[in-house]
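# Reading the structure
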Amino acid sequence: MTSLAGCFSLETAELTKSGDENVLVTNYGWYLFNVFPVATGNAAEDAFSPTVLFRNDVTMDKVQQRAQRYADSQGKKLGDMAYHNMSSVMFNIPGTDFPVPLPYVLTFREIQLSGVLKNAVAREEER
Amino acid sequence: MAAGKSASAAVAVLCAALCGCASINVSRVGKVMVDVENTNWLLFNFIPLASGNPERPNANDCRFFRDTVNLANNIDMVDRAVRENGAVGVRDLVSYTTDEYVLFVLLKHHAMHTSAELVMPGDETRGGEVQKVESRLIREERMTAEPPPESPERVEAPFSPVWRPGGGLKLMDF
């Protein structure tokens with residue numbers, strides 16, 4: 001059951017030479033018939049639980065909002081953004097690589113947003 | 001008899017479920033980001049069963065036995081998002097594909113994604129390259145709108161023989 005839970009994560013890493021910070025925000029979840037959210041990662045700011053049931057938090061708006069809030073908290077501007085989204089309509093039989101041969105029953109969706117927080121010196125040079 | 005009926009029912013459900021989908025998703029939190037997706041189902045990795053309709057995205061519209069999943073159609077949908085949102089161009093354009101297989105290569109669910117940031121008016125002065133997306137549709141509109149040139153331009157060959165008086169024939173003149 002825990003493997004069928006969603007998960008939200010926000011990772012950052014700073015480049016030592018330039019001071020730029022790479023931000024990777026991801027969220028994934030499971031859906032019934034590709035429409036109804038069963039369990040998704042909790043994208044709320046102060047989340048009590050890492051997973052939320054029957055609520056769709058795997059959206060571009062919510063993922064981008066968390067990335068933008070992090071950038072605002074660091075006092076930097078978020079740029080070089082790119083989305084990498086994946087959706088799987090087949091459900092693998094647990095423990096195997098064989099999918100249940102009926103698509104769109106239990107589906108998986110993931111959104112990944114990558115961006116770069118540039119420090120103030122780099123932003124001035126761009127101007 | 002009962003097994004045959006349940007098998008045919010399963011095939012009918014499978015056929016109904018095997019449908020492509022084209023979608024344009026726009027997020028306007030801070031920057032305006034667009035994510036375009038088009039999917040299809042392929043039999044034996046090359047026979048198209050169903051594809052999304054890029055001319056009607058977000059409409060659950062499907063084109064049967066046609067393959068519409070290609071980069072040109074994705075860029076056309078990005079261009080549509082540019083026009084509908086009043087943007088002047090795109091930045092950080094990225095495209096990629098994902099695949100899922102059923103019973104090895106019997107069935108393949110193929111998806112092509114394109115992600116970009118829409119550059120809004122007044123935002124062009126930020127550093128970095130702004131890529132003006134000119135899809136096939138825009139190019140066709142521009143070519144039909146422009147008047148034909150009155151006289152053809154004279155194209156000078158890079159190498160042309162030059163006869164110099166008192167000298168020989170010089171083939172190149174830099």
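Everything in this summary refers to the structure shown in the same document. Quick caveat, the model's predicted, so the values are computed rather than measured.

### Structural notes on the overall build of chain B
When helices and strands are tallied, chain B shows 3 helices and 8 strands. From first element to last, N terminus to C terminus, chain B shows the α and β order α-β-β-β-β-α-β-β-α-β-β. Sorting the 174 residues of chain B into buried and exposed places 38% on the buried side. In chain B, once contacts between residues fewer than 6 apart in sequence are set aside, the share between residues at least 24 apart is 58%. Roughly 10600 Å² of accessible area belongs to chain B as shown, and the carbon and sulfur atoms make up 60% of that amount.

### Describing the state of the cysteines
Residues and elements named next belong to chain B. Counted under the stated rule, the structure contains 1 disulfide over all chains. Note that C19 is cross-linked by a disulfide to C62, the S-S spacing being 2.4 Å. Linking C19 in the loop between α1 (2-17) and β1 (22-27) with C62 in strand β4 (residues 62-64), this pair joins segments that are 43 residues apart in sequence.

### So, a nonpolar patch on the surface
Residues and elements named next belong to chain A. On the surface, a nonpolar cluster with roughly 570 Å² of combined accessible area is contributed by L32, F33, V35, F36, V100, L102 and V105. Its place among the elements puts V35 in the loop between β2 (21-32) and β3 (36-41). For V35, a relative accessible area of 54% gives the class exposed.

### A few points about the pattern of salt bridges
Residues and elements named next belong to chain B. A full pass over the atoms with the stated rule returns 11 salt bridges over all chains. A salt bridge links D61 to R56; the nearest nitrogen and oxygen atoms lie 3.1 Å apart. With its nearest N and O atoms 3.6 Å apart, the salt bridge here joins R83 to D79. Highlighted residues: R83 and D79, both in helix α2 (residues 71-84), separated by 4 residues, approximately one helical turn. On the basis of relative accessible area, D79 is assigned to the buried category, the value being 3%.

### Digging into the packing of aromatic side chains
Scanning all chains against the criterion turns up 3 aromatic pairs over all chains. Between Y28(A) and F108(A), the ring centres sit 5.3 Å apart and the planes meet at 40°, which makes this aromatic pair tilted. Here Y28(A), found in strand β2, pairs with F108(A), found in strand β6 (residues 106-118); they are 80 residues apart in sequence, far enough to count as distant. Residue Y28(A) is classed as partly exposed on the basis of its relative accessible area of 24%. Judged by relative accessible area, which is 14%, F108(A) ranks as buried. With a centroid separation of 6.4 Å and 65° between ring planes, the pair formed by Y104(A) and W41(B) is classed as edge-to-face. Of this pair, Y104(A) sits in the loop between β5 (77-88) and β6 while W41(B) sits in strand β2 (residues 32-43), which puts the two residues in different chains. Of the two residues examined, Y104(A) and W41(B), each falls in the buried class. Among the aromatic residues, those joined into a ring-pair cluster are Y28(A), W30(A) and F108(A). Sitting over the face of the ring of Y31(A), R109(A) holds its NZ or CZ atom 3.9 Å from the ring centroid.

### Remarks on the environment of S114(A)
All names here are of chain A. Structurally, S114 is set in strand β6. A residue is classified by how much of its surface remains accessible, and S114, at 27% relative accessible area, is partly exposed. When the C-alpha positions of S114 and E11 are compared, they lie 9.7 Å apart, and in sequence the two are 103 residues distant. Setting aside residues up to four positions removed in sequence, S114 forms contacts with N22, V23, L24, D80, M81 and A82.

### What about the interface of chain B and chain A?
Contacts between chain B and chain A engage 29 residues on the former and 25 residues on the latter. Together chain B and chain A conceal approximately 2400 Å² of surface at their shared face, both sides included; 59% is due to carbon and sulfur atoms. On the surface where chain B and chain A come into contact, there are 0 salt bridges. Counting across the interface, chain B meets chain A through 14 residue pairs in polar contact (both at pLDDT 80 or more). Taken together, the elements giving at least two residues each to the side of chain B that touches chain A come down to α1, β1, β2, β5 (89-102) and β6 (107-119) of chain B. Of the residues in the side of chain B that touches chain A, the class split is 14 nonpolar, 8 polar and 7 charged.

Cut-offs and rules
Residues numbered from 1 in each chain as written. Chains lettered and ligands numbered in written order. Predicted model: local features only at pLDDT ≥ 70, side-chain atom pairs only at ≥ 80, totals over all residues. Heavy atoms only, no water. Helix = DSSP H or I, 4+ residues; strand = E, 2+ residues; numbered from the N terminus. Buried < 20%, exposed > 50% of the residue type's maximum accessible area, 1.4 Å probe, protein only. Contact = heavy atoms within 4.5 Å. Areas by Shrake-Rupley, 256 points an atom, 1.4 Å probe, with all protein chains shown as cover. Disulfide = S-S within 2.5 Å. Patch = residues over 30% accessible without salt bridge, like charges linked within 9 Å, V, L, I, M, F, W, Y side chains within 5 Å. Salt bridge = Lys/Arg side-chain N within 4 Å of Asp/Glu carboxyl O. Phe/Tyr/Trp six-rings, centres within 6.5 Å; stacked < 30°, edge-to-face > 60°. Lys NZ or Arg CZ within 6 Å of the ring centre and 35° of its normal. Buried area = accessible area lost by both parts, 1.4 Å probe. Polar contact = N/O pair within 3.5 Å; in protein donor to acceptor, adjacent residues only side chain to side chain. Nonpolar A, V, L, I, M, F, W, Y, C, P; charged D, E, K, R; others polar.

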